[in-house]
Amino acid sequence: MERVIVTGANGFIGRNFIKYLAENDTEVYAVDMSHEKSILRELSHVHLVECSLAEIMALEDKINQKGFDAFYHFAWAGTTGKDRSDYMLQTDNARYACDAAIVSKKLGCQKFIATGTITEKVAERILDNHYASENLIYGLSKLYAHKLLDIVCRKNSIDYVWAQLSNIFGGDNTNGNLVSYTLKEFKEGRVPSYGPCEQPYNFTYIRDVLKALYLLGECKTSEHQYLISNGECMKLKDYLNELGSIYNQQISIGKREDDGVRYEEEWFDNTALISVGFKPEYTFVRGIEEIRGEGQSDTEI
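The paragraphs below set out a description of the structure included in this document. (Residues numbered from 1 in each chain as written. Predicted model: local features only at pLDDT ≥ 70, side-chain atom pairs only at ≥ 80, totals over all residues. Heavy atoms only, no water.)

Brief notes about the packing of aromatic side chains
1) Next: Throughout the structure, instances matching the rule amount to 20 aromatic pairs.
2) Next: Ring centres of Tyr201 and Tyr263 lie 5.4 Å apart, and the angle between their planes is 70°; on these two criteria the pair is classed as edge-to-face. Separated by 62 residues along the polypeptide, Tyr201 in strand S8 (residues 200-201) and Tyr263 in the loop between helix H9 (236-247) and helix H10 (271-274) bring together distant segments of the chain.
3) Next: Note on Tyr263 and Phe268: the rings are 6.1 Å apart at their centroids and 15° apart in plane angle, and the pair reads as stacked. Phe268 matches Tyr263 in its accessibility class, with the two residues each being buried.
4) Next: In this structure an aromatic cluster arises from ring pairing among Phe169, Tyr201, Phe203, Tyr205, Tyr239, Tyr263, Trp267, Phe268, Tyr282 and Phe284.
5) Next: Above the face of the Phe68 ring, Arg3 is positioned so that its terminal group lies 4.7 Å from the ring centre. (Phe/Tyr/Trp six-rings, centres within 6.5 Å; stacked < 30°, edge-to-face > 60°. Helix = DSSP H or I, 4+ residues; strand = E, 2+ residues; numbered from the N terminus. Buried < 20%, exposed > 50% of the residue type's maximum accessible area, 1.4 Å probe, protein only. Lys NZ or Arg CZ within 6 Å of the ring centre and 35° of its normal.)

The following block contains the structure:
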């Protein structure tokens, strides 16, 4: 790819993906609400564009170019903490995703790529299973955005890919996911605790995620949805036991109440992604060893 647009440029996925693009000599228009303290200032081939989600339709006036290989929409407010259960914030995100798709066409982008989450699968079953967890508002809103984009992109003849993300770890991730939570507990001398952890699960290392996202923009895609995963699938407790073993630390499985949320093994099938040439390089163990080898602290994971 020669030239792309990336929203959410200073977020975890955005900043790491832009670094990856820079490594591949791709010109990037990096869009975020502010670049005041952005590490992206240090990169060549990167143009910083300030634009909030609420004004995303004005992006056409802020970028004085037309014709891009891809538009990657990573911007999504409230991905961590209590904001994940803020229904107004989350539903606004879905509307802004549709706005981003429309403006991508106006800017002459050949493909529009937005990111979803594996928790959409859980959200699909909310009515049948009577889940009531506030944390599912985030997954519901991603699912809502996904379905809205299906309609909007078809109506406007936009070549569109929904890249559904599994559980990402590594790099400078500070979103409090299970890996970063566990390593933080280890560092602070506490025993991390979890529920029963019997459900199938997957963790995919950040470098594999970046490579997959690049391929989805570069290659001709025959599907509209791709799960980004290294293809591994084990019970969650097996991953966590492996993590405890690698760090020679205790963990406490079953101490917390079961939240009732269930994943299924087939959800982590990455066959469609393999079909566009993706070959994972990192197993869970290799990714954790990479973290240890780089001497990253828990706040950098």
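Next comes the rest of the write-up.
Remarks on the sheet that holds strand S3 (residues 46-50)
Backbone-to-backbone hydrogen bonds join strands into a sheet, with any given pair of strands oriented parallel or antiparallel.
1) Next: Strand order in the open sheet formed by 7 strands is S3-S2-S1-S4-S5-S6-S10, and the pairing between neighbours is parallel. The open sheet is flanked by S3 and strand S10 (225-228), the only strands paired with a single partner. On average, each strand axis in the sheet is tilted by 20° relative to the strand beside it, whichever way the strands run.
2) Next: The pairing of strand S5 (residues 112-117) with strand S6 (residues 160-165) spans 6 bridges and is parallel. Looking at S6, one finds that Thr117 is bridged to Leu165.
3) Next: Against the sheet, helix H3 (residues 87-106) touches strand S4 (70-73) and S5, its axis set at about 170° to S4. (Pairing = 2+ DSSP bridges. Axes fitted to C-alpha atoms, helices over the stretch in contact; angles between N-to-C directions. Contact = heavy atoms within 4.5 Å.)

Overview of H3
Given 3.6 residues per turn, any residue in an α-helix points the same way as the ones three and four places further on.
1) Next: An ideal rise of 1.5 Å per residue puts 28 Å on 20 residues; H3 measures up with 30 Å between its terminal C-alpha atoms.
2) Next: Of all the residues in H3, the buried ones are Gln90, Asn93, Ala94, Tyr96, Ala97, Cys98, Asp99, Ala100, Ala101, Val103 and Ser104.
3) Next: Those residues of H3 that are buried are in contact with helix H2 (59-62), S4, S5 and helix H6 (136-155).
4) Next: One side-chain oxygen of the residue at the start of H3 lies 3.1 Å from the amide nitrogen of Met88, identifying that residue as Asp86.
5) Next: Gly108 sits one or two positions beyond H3 and adopts a positive phi of about 75°. (Expected span 1.5 Å × (residues − 1). Polar contact = N/O pair within 3.5 Å; in protein donor to acceptor, adjacent residues only side chain to side chain.)

A short note on the pattern of salt bridges
1) Next: Summed over the entire model, instances satisfying the criterion amount to 10 salt bridges.
2) Next: A salt bridge links Arg190 to Glu185, with the shortest nitrogen-to-oxygen separation between them at 2.9 Å.
3) Next: Judged by its relative accessible area of 39%, Arg190 is partly exposed.
4) Next: Of the charged contacts in the structure, one is a salt bridge between Glu281 and Lys211, with a shortest N-O distance of 3.2 Å. With Glu281 in the loop between H10 and helix H11 (284-294) and Lys211 in helix H8 (residues 206-218), the pair connects residues that are 70 residues apart, well separated along the chain.
5) Next: For Lys211, a relative accessible area of 17% translates into the label buried.
6) Next: Overlapping salt bridges bring together Glu185, Glu188 and Arg190 as one network. (Salt bridge = Lys/Arg side-chain N within 4 Å of Asp/Glu carboxyl O.)

Focus on the packing of H9 against H11
1) Next: The contact between H9 and H11 brings their axes to 11 Å, and the two run at 35°. Both H9 and H11 take part in a crossing whose hand is right-handed. Contacts between H9 and H11 pair Tyr239, Glu242, Leu243, Ile246 and Tyr247 from the former with Phe284, Val285, Ile288, Ile291 and Arg292 from the latter.
2) Next: Within the contact of H9 with H11, the residues separate by chemical class into 8 nonpolar, no polar and 2 charged. (Left-handed = near helix turned anticlockwise from the far one by under 90°. Nonpolar A, V, L, I, M, F, W, Y, C, P; charged D, E, K, R; others polar.)

Considerations on the environment of Leu59
1) Next: Here Leu59 shows up in helix H2.
2) Next: Dropping the residues within four chain positions of it, Leu59 is found in contact with Val31, Val49, Cys51, Phe71, Val103 and Leu107.

So, unusual backbone geometry
1) Next: Its identity as a non-glycine residue notwithstanding, His45 has a phi of 65°, on the positive side.
2) Next: On the basis of relative accessibility, which here comes to 42%, the residue His45 falls in the partly exposed class.
3) Next: Even without being glycine, Cys197 reaches a positive phi, approximately 60°.
4) Next: By secondary structure assignment, the location of Cys197 is in the loop between helix H7 (178-187) and S8.

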